[in-house]
Amino acid sequence: MAGAETVSDSWRPTVTLPVMRQRARLLATLRAFFASRDVLEVETPLLSQAAVTDRHLDSLVTDVQVPGQGLRRYYLQTSPEFAMKRLLASGSGPIYQIARVFRNGERGRLHNPEFTMLEWYRPGYDHHALMDEVDALLQALELVPAPARFSYAEAFRNYAGVDPFVNDIARLRHCLVAHDVDVSAALHDQARDSWLDLILTHVIEPQWRRQALNCYLYDYPPSQAALARIRHSPGLPAVAERFELYLHGIEVANGYHELTDVNEQRRRFLHDLALRQQQQLPQVPVDDRLLAALQAGLPACAGIAIGIDRLLMVLAGVDTLQQVMCFPLERA
Amino acid sequence: MATYNTNDLKNGLRVMIDDAPCTIVDAEFVKPGKGQAFCRLKYRNLKTGRVNERTYRSTESLEGADVVDVDMQYLYNDGERWHFMVPETFEQYEIDEKAMGEAKMWVKGQEQCIVTLWNGIPIVVEPPNFVELAVTETDPGVRGDTSGGGGKPATLETGAVVRVPLFINIGDMLKVDTRSGEYVSRAKT
């Protein structure tokens, strides 16, 4: 990456002209796809007075000089989700947005603190109906084969030999040892979900990458629901109706059959804030306008966010984000 | 010694892992979109040369290792230890067989080597990429064969055994690549 690189090289883009052209074609195809399906393109602010509460997401902060009011603290969005749900509650119907989003503390082969996200919402859809539409979109991009669909439980059973809903931490840890994954002592007392994350990223995803597999992962443990609704079925573990899309084994999208219950949403925000306090992470203002919109009535809907840069990586057949971005963080 | 946050680790950096000095070979930032961030390290133990992987919390810190590479000249072997000198300061070091590792197969005296010191103690010796050594033992050459096809083993003055073309004779000086342990050519005298 940057390192010893001199300023005289660093004015140049890290992307090639053919990939720049491919990005332009990708954006045009996406817009044509949604236009043909009567999904409305919208724009919402990148700056918000409220922030995401998820403890694994760190918002960038900026102070805005407002005449007559002095400095006001604003957060750069980590996704346009809250603003778009306010539009949905106001009666927008199906909408999409191609937006810049920001996540502090994330940099690597597959991460840049600033990236492009395609996010869309479909009133009346559940997560499976939305996966069908994602299939159609991938087809429009000539990205084949269509992704397989694995439930979270199936994937863990088939690719790691554990049951993510039933097995205890000792069993999950043993799975990592059996797959030669060594973890630092500081991780030994972590929560169950972190062990599941380790198995997913260190045991399952590498197999998918080797096979260049396209798949969806759906029906997550309720503890990883984020903003998805939870489904209770008699005799079965409750599941969060959340899904992720993997292309060539790389996580490119996250979607939900959306939570619409305002009380449950408020409870999850407060739970997140309590966890933040426990872990000495910054407290952030909860989005009261989103809660007010849910109170007014968010239509039943499903939504998804796709990382456009990673999607382009797969389409262009390259290995790093900086090969699809003009100026990654170090050159920005 | 400095400490490093796992987020700041770069390839080539030397840190302490399990009480051993190690070089970072690769540091990968791993984070599911909705999950915890990890740092997946690939590191080489400088004493054993072995490469291992370990995953850390993204906010953990590692202690830097007091490791330096010093150019030294190999002087002689006293039967037990190998003696080196830093040409600029004439400072001398005695290096044991374990730290010499494979380097002992390639040096006979005067070679410039890179000696890695950990807390001032030699732990690794890297010989020059190419050395010139005399053949002390090999089967007689076959007349007329200059192609080098096939080949035969030859023992060098340091005890190293390399595969050489059939035309090589006892007493020939050979140029050898110490990284691969392969014959390169006859040395020009």
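Calculation criteria
- For every chain, the first residue of the written sequence is number 1, and numbering continues from 1 along that sequence.
- Naming scheme: in the order in which they are written, chains are lettered from A and ligands are numbered from 1.
- Note on the predicted model: pLDDT of at least 70 is required for a residue's local features to be given, and 80 or more for side-chain atom pairs to be given and counted; whole-chain, interface and lining totals, by contrast, use all residues.
- The side-chain quantities take in all heavy atoms of the structure and omit both hydrogens and water.
- By convention in this document, the label disulfide applies to cysteine sulfur atom pairs within 2.5 Å.
- Throughout, exposure labels follow a simple rule: accessible area from a 1.4 Å probe, protein chains only, divided by the maximum for the residue type, with under 20% read as buried, over 50% as exposed, and the rest as partly exposed.
- Any two residues whose heavy atoms approach within 4.5 Å are treated as being in contact.
- Reported buried area values correspond to the accessible surface (1.4 Å probe) lost by two parts on association, with both partners' losses combined.
- For this document, the term salt bridge refers to a Lys or Arg side-chain nitrogen within 4 Å of an Asp or Glu carboxyl oxygen.
- Put simply, Ala, Val, Leu, Ile, Met, Phe, Trp, Tyr, Cys and Pro go in the nonpolar bin, Asp, Glu, Lys and Arg in the charged bin, and everything else, Gly too, in the polar bin.
- Starting at the N terminus, helices and strands are each numbered in turn, a helix being any DSSP run of H or I of at least four residues and a strand any DSSP run of E of at least two.
- To obtain the arc, one takes the directions from the helix axis to the C-beta atoms.
- A pair of strands is labelled paired if DSSP reports no fewer than 2 bridges between them.
- Fitted lines through C-alpha atoms serve as axes, helices being fitted only where they are in contact, and the angles separating the N-to-C directions of these axes extend from 0 to 180 degrees.
- Angles below 35 degrees are treated as roughly parallel, those above 145 as roughly antiparallel, those between 65 and 115 as roughly perpendicular, and all remaining angles as oblique.

Peer 1: Any chance you could break down the state of the cysteines for me, citing the residues and the numbers?
Peer 2: Residues and elements named next belong to chain A. Counted by the stated rule, this structure contains 0 disulfides over all chains. C175 takes part in no disulfide bond, and the closest cysteine sulfur, belonging to C215, lies 17 Å away. Owing to a relative accessible area of 3%, C175 belongs among the buried residues under this scheme.

Peer 1: Go over the interface of chain A and chain B, please, and point to the residues and values.
Peer 2: Taken together, the 29 residues of chain A in the interface contact 18 residues of chain B. Buried area between chain A and chain B, summed over both chains or domains, comes out near 2,000 Å², and the portion from carbon and sulfur atoms is 52%. Area buried by chain A at its contact with chain B is led by A:H56, A:D182 and A:H202, which between them contribute 24% of it. At the boundary of chain A with chain B, the tally comes to 3 salt bridges. As a salt-bridge pair, B:R54 and A:D182 come within 2.7 Å of each other at their nearest N and O atoms. Looking at the side of chain A that touches chain B residue by residue, the class counts come to 7 nonpolar, 10 polar and 12 charged.

Peer 1: Give me the lowdown on helix α5 (residues 152–160) of chain A, citing residues and values where you can.
Peer 2: Residue and element names in this part refer to chain A. Among all positions in α5, only Y152, A153, A155, F156, Y159 and A160 are buried. Buried residues in α5, looked at end-on, bunch into an arc of 165°, giving them a common side. Packing partners of the buried residues in α5 comprise β7 (148–151), α6 (169–178), α7 (192–210) and β8 (215–220). Positive phi appears at G161, one or two residues downstream of α5, with a value of about 70°.

Peer 1: Describe the sheet that holds strand β2 (residues 14–17) of chain B, listing the residues and the values that go with them.
Peer 2: Residues and elements named next belong to chain B. Pairing is antiparallel across the open sheet formed by 4 strands, whose spatial order is β2-β3-β4-β5. Unpaired on one side and paired on the other, β2 and β5 (51–57) mark the two borders of the sheet. Averaged over all pairs of adjacent strands, the angle between their axes in this sheet comes to 45°, without regard to strand direction. Pairing of strand β4 (residues 38–45) with β5 involves 7 bridges; the strand directions are antiparallel. If you follow R44 over to β5, its bridge partner there is V51.

Peer 1: Pulling in residues and values, what's your account of the packing of helix α8 (residues 262–278) of chain A against helix α9 (residues 288–297) of chain A?
Peer 2: Residue and element names in this part refer to chain A. Packing of α8 against α9 brings their axes to within 9 Å, and their N-to-C directions diverge by 160°. Taken as axis vectors, α8 and α9 run roughly antiparallel relative to one another. Between α8, through V262, Q265, R266 and F269, and α9, the contact on the second element is made entirely by L290, L291, L294 and Q295.

Peer 1: So what about the pattern of salt bridges? Which residues, and what values?
Peer 2: Oppositely charged side chains can pair when the atoms bearing their charge come close. This structure, assessed with the given rule, holds 29 salt bridges over all chains. Across the salt bridge formed by B:R57 and A:D189, the nearest N and O atoms sit 3.7 Å from each other. Of the two residues, B:R57 is situated in strand β5 and A:D189 in the loop between α6 and α7; the pairing between them involves two chains. For B:R57, a relative accessible area of 25% puts it in the partly exposed group. Put simply, A:R267 and A:E264 hold a salt bridge, and the shortest N to O gap is 3.1 Å. Of this pair, A:R267 and A:E264 both sit in helix α8, separated by 3 residues, roughly a single helical turn. With relative accessibility at 47%, the residue A:R267 sits in the partly exposed group.

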